[in-house]
Amino acid sequence: MTQIERALMGEITEEVKAVAASEKVDVNLILRRVASGKIVIPSNAKRKVKTIGIGKGLKTKVNASIGTSTDIIELAMEIEKAQLAEKYGADTIMDLSVGGSITDIRRAVMDSVALPLGTVPLYEAFAVAAEKYGSITKMPEELLWETMERQCEEGVSFMAVHCGINRLTLEVLKNQHYRYGGLVSKGGACMVAWMQYNDKENPLYANFDRVVDILKRHDVVLSLGNGFRAGAIHDATDRVQIQELIVNCEFAERGRGMGCQTMVEGPGHIPINEIEANIILAKKMSGEAPFYMLGPITTDIAPGYDHITSAVGAALSASYGVDFLCYVTPAEHLGLPFTEDVREGVIAARIAAHIGDMVKLSDTDRDKNIGKARRNMDWKTQFDLAIDPERACAIRNKRNNNEERSCTMCGKFCANDMLKGMFEKHTKGTDKD
Ligand code: SF4
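Remember, predicted model here, so these are calculated numbers, not experimental data.

Engineer: In this structure, what is going on with the overall build of the protein? I would like to understand it.
Structural biologist: Broken down by element type, the protein carries 20 helices and 10 strands. In summary, the protein has a C-alpha radius of gyration of 23 Å against a globular reference of 22 Å for 433 residues, a match within 12%. Overall size of the protein, expressed as C-alpha extent along the three principal axes, is 75 × 50 × 40 Å. The buried share of the protein, taken over its 433 residues, is 48%. Long-range contacts, defined here as pairs at least 24 residues apart, represent 73% of the contacts in the protein between residues at least 6 apart.

Engineer: Can you help me understand the sheet that holds strand E8 (residues 262-266) in this one?
Structural biologist: Pairing between sheet strands relies on hydrogen bonds along the backbone, with the strands arranged either parallel or antiparallel. Taken together, the eight strands give a closed barrel; going around it, the order is E3-E4-E5-E6-E7-E8-E9-E10, and neighbouring strands pair in parallel fashion. For this sheet, the mean angle separating the axes of adjacent strands, direction not counted, is 25 degrees. Seen against the sheet, helix H5 (residues 102-112) touches strand E4 (92-95) and strand E5 (117-119) and runs at an angle of roughly 165 degrees to E4.

Engineer: Can you help me understand the site of the ligand in this one?
Structural biologist: The environment of the ligand is made up of Met 377, Ser 406, Cys 407, Met 409, Cys 410, Cys 414, Ala 415 and Asn 416. In the shell around the ligand, the residues fall into six nonpolar, two polar and no charged.

Engineer: So what exactly am I meant to see when it comes to helix H13 (residues 272-285) here?
Structural biologist: The periodicity of an α-helix, 3.6 residues per turn, causes residues three or four positions apart to be oriented the same way. Between the first and last C-alpha of H13 there are 21 Å, a value that for 14 residues agrees with the 20 Å anticipated at 1.5 Å per step. Check the buried side of H13 and you find it contacts helix H12 (239-257), E8, strand E9 (291-294) and helix H14 (306-320). Once H13 finishes, Gly 287 follows within two positions and takes phi at roughly 70 degrees, a positive value.

Engineer: Would you mind going over the packing of helix H2 (residues 14-23) against helix H3 (residues 27-35) with me for this structure?
Structural biologist: To describe two helices that pack against each other, one gives the angle between their axes and the distance between the axes. Where H2 meets H3, the axes come as close as 9 Å, and the angle between the chain directions of the two elements is 125 degrees. Judged on the interaxial angle alone, H3 and H2 are oblique. Here H2 and H3 pass one another in a crossing that is right-handed. Mapping the contact onto sequence places Val 16, Lys 17, Val 19 and Ala 20 in H2 and Val 27, Ile 30, Leu 31 and Val 34 in H3. Here the contact of H2 with H3 is built from residues that sort into seven nonpolar, no polar and one charged.

Engineer: Got a minute to help me understand the environment of Val 62 in this structure?
Structural biologist: In this structure, Val 62 sits in strand E3 (residues 61-66). Since 27 C-beta atoms lie within 10 Å of it, Val 62 is described here as buried. When residues no more than four places from it in sequence are discounted, the contact partners of Val 62 are Gly 89, Ala 90, Asp 91, Leu 325, Tyr 327, Val 346, Ala 349, Arg 350 and Ala 353.

Engineer: Sorry if this is basic, but what is going on with the pairing of E3 here?
Structural biologist: When a strand is regular, its side chains alternate between the sheet's two faces. Among the six residues that make up E3, six are buried, leaving the element largely enclosed by the rest of the structure. A two-sided burial pattern is seen for E3, the buried positions comprising Lys 61, Asn 63 and Ser 65 on one face and Val 62, Ala 64 and Ile 66 on the other. Two strands pair when backbone bridges link them, and E3 and strand E10 (residues 324-326) are joined in this way by three bridges, in the parallel orientation. Paired with Asn 63 across the two strands is Cys 326, which belongs to E10. Where E3 lies against E4, four bridges are found, and the strand directions are parallel. Considered in E4, the bridge of Ala 64 is made with Ile 93. The parallel pair E3 and E4 is bridged by helix H4 (residues 75-87), and the resulting crossover is right-handed.

Engineer: Looking at this model, I keep getting lost on the nonpolar core. Mind explaining?
Structural biologist: Looking at soluble globular proteins, one finds that nonpolar side chains tend to be buried together. Among the nonpolar cores identified, the biggest contains 112 residues, and Ala 85, Ile 93, Leu 325, Val 346, Ala 349 and Ala 352 are the most heavily contacted of them. Among the elements that take part in this core, helix H15 (residues 339-360) stands out by supplying eight residues, more than any other. The contacts of Leu 325, once residues within four sequence positions are left out, are Thr 60, Val 62, Asn 63, Met 293, Ala 314, Ser 317, Ala 318, Ala 349, Ala 352 and Ala 353.

Engineer: Would you take a moment to explain helix H8 (residues 167-175) for this structure?
Structural biologist: Every buried residue of H8 is accounted for by Thr 169, Leu 170 and Leu 173. The buried residues of H8 occupy one face: seen down the axis, they fall within an arc of 100 degrees. Exposed residues on H8 whose side chains face more than 90 degrees from its buried face are Glu 171, Lys 174 and Asn 175. Against helix H9 (186-198) and H12 lie the buried residues of H8. Count one or two residues on from H8 and you reach His 177, which has phi positive near 60 degrees.

Engineer: Help me understand the environment of Phe 228, please; the structure alone is not making it clear to me.
Structural biologist: By secondary structure assignment, the location of Phe 228 is in the loop between strand E7 (221-224) and H12. On the basis of neighbour counts, which here come to 31 C-beta atoms within 10 Å, the residue Phe 228 falls in the buried class. Phe 228 sits 40 residues away from Gly 268 along the chain, and the two C-alpha atoms are 9.0 Å apart. Residue contacts for Phe 228: discarding those within four places in its chain leaves Ile 165, Thr 169, Leu 173, Leu 183, Gly 188, Val 240, Gln 241 and Glu 244.

Cut-offs applied
Residues numbered from 1 in each chain as written. Predicted model: local features only at pLDDT ≥ 70, side-chain atom pairs only at ≥ 80, totals over all residues. Helix = DSSP H or I, 4+ residues; strand = E, 2+ residues; numbered from the N terminus. Rg over C-alpha atoms; globule rule 2.2 N^0.38 Å. Buried ≥ 20, exposed ≤ 12 C-beta atoms within 10 Å, placed from the backbone. Contact = placed C-beta atoms within 7 Å. Pairing = 2+ DSSP bridges. Axes fitted to C-alpha atoms, helices over the stretch in contact; angles between N-to-C directions. Near = placed C-beta within 6 Å. Nonpolar A, V, L, I, M, F, W, Y, C, P; charged D, E, K, R; others polar. Expected span 1.5 Å × (residues − 1). Parallel < 35°, antiparallel > 145°, perpendicular 65-115°, else oblique. Left-handed = near helix turned anticlockwise from the far one by under 90°. Right-handed = clockwise from strand over helix to strand, strands pointing away. Core = buried A, V, L, I, M, F, W, Y, C linked by C-beta atoms within 7 Å. Arc of directions from axis to C-beta.

Next comes the structure, spelled out in structure tokens:
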């Protein structure tokens, strides 16, 4: 049985207890929200993972995607990327490998980290089809089902499945006569090419119940993929993106009704004034299914810095109620991320998640405490509370004599030093701690 089915029977599972404990939220509230599909817990009996909850009232979670391409296949680097992502605070890893021995890479990544692992099964199915039959368009439908079954058996915890692409969404795309950024979803582009070549409906749309049956058997979370997400700011919130979202939100309700833990994915590239509307639409139409935001990248002019453009969008998204963020690295749209890109991407997304949670969950104690430590020039506490203590410490050590209370920014004119002790009585009067 799935977490949702067990919650509907009133069973407080070990996973529900663990989420309640780690989030410091009442266990019965978690139980009710798992039962209603507002919280999902990625798990799979085949692989023991760190238990996390994603959804309403919980801290915003961060995913780091790794994986080989057809051009760069280095297993050791992928393992290092996964471990670095875990070290710097990612909550989940997605292995999006399309090059090399995909199954072996996935297994090695799963063995190297304790985090829930997600996949896009279409990637493996299309990659195998390209190798075996010479083209992604020749993928037999059975290969897709067999790939999903096998990945579930291996212990994958959540899957992005592109069920919302269908003949109608394709028609909407053609009728709107523009798409500045084309299609940037690999899974989406491959499925569109397959449908056009074979003149067939998307099997994931036509056989949605089969998708749910496969995932449900292992309690794998279904993440309804965003194949028509905008890949350029000028395409954001266009008709085809919304048309796919409508289908995905219908499927979110249907999947949940069948007892499958389900979440909905969002775009992509969005200007900041459209982020809130995208989130309201997805949350309302899906019955508050957990929303998994990819980025979002908020301007197209900063290649090399898209961990920053997306952190801006991710912070706003989290503050408006997004539950799960997919990080973006500085290598976005430029090349396969290397380890340093993964580190920067994870840190940027973690910062964004925290900024959002300060609003969404009033989670501000850490900020208050680091502020006081800064005023008191308590460097150790500042580093202990910092999101990346290594970097903060390294910057200070490079520029300062550690015996000094102040730092080289103001030197002898250190404002904190000049007024030390002045604010103690104020904080004592207002702080309960
Ligand atoms: S020297 Fe300036 S920047 Fe450094 S601790 Fe003092 S006030 Fe802050």
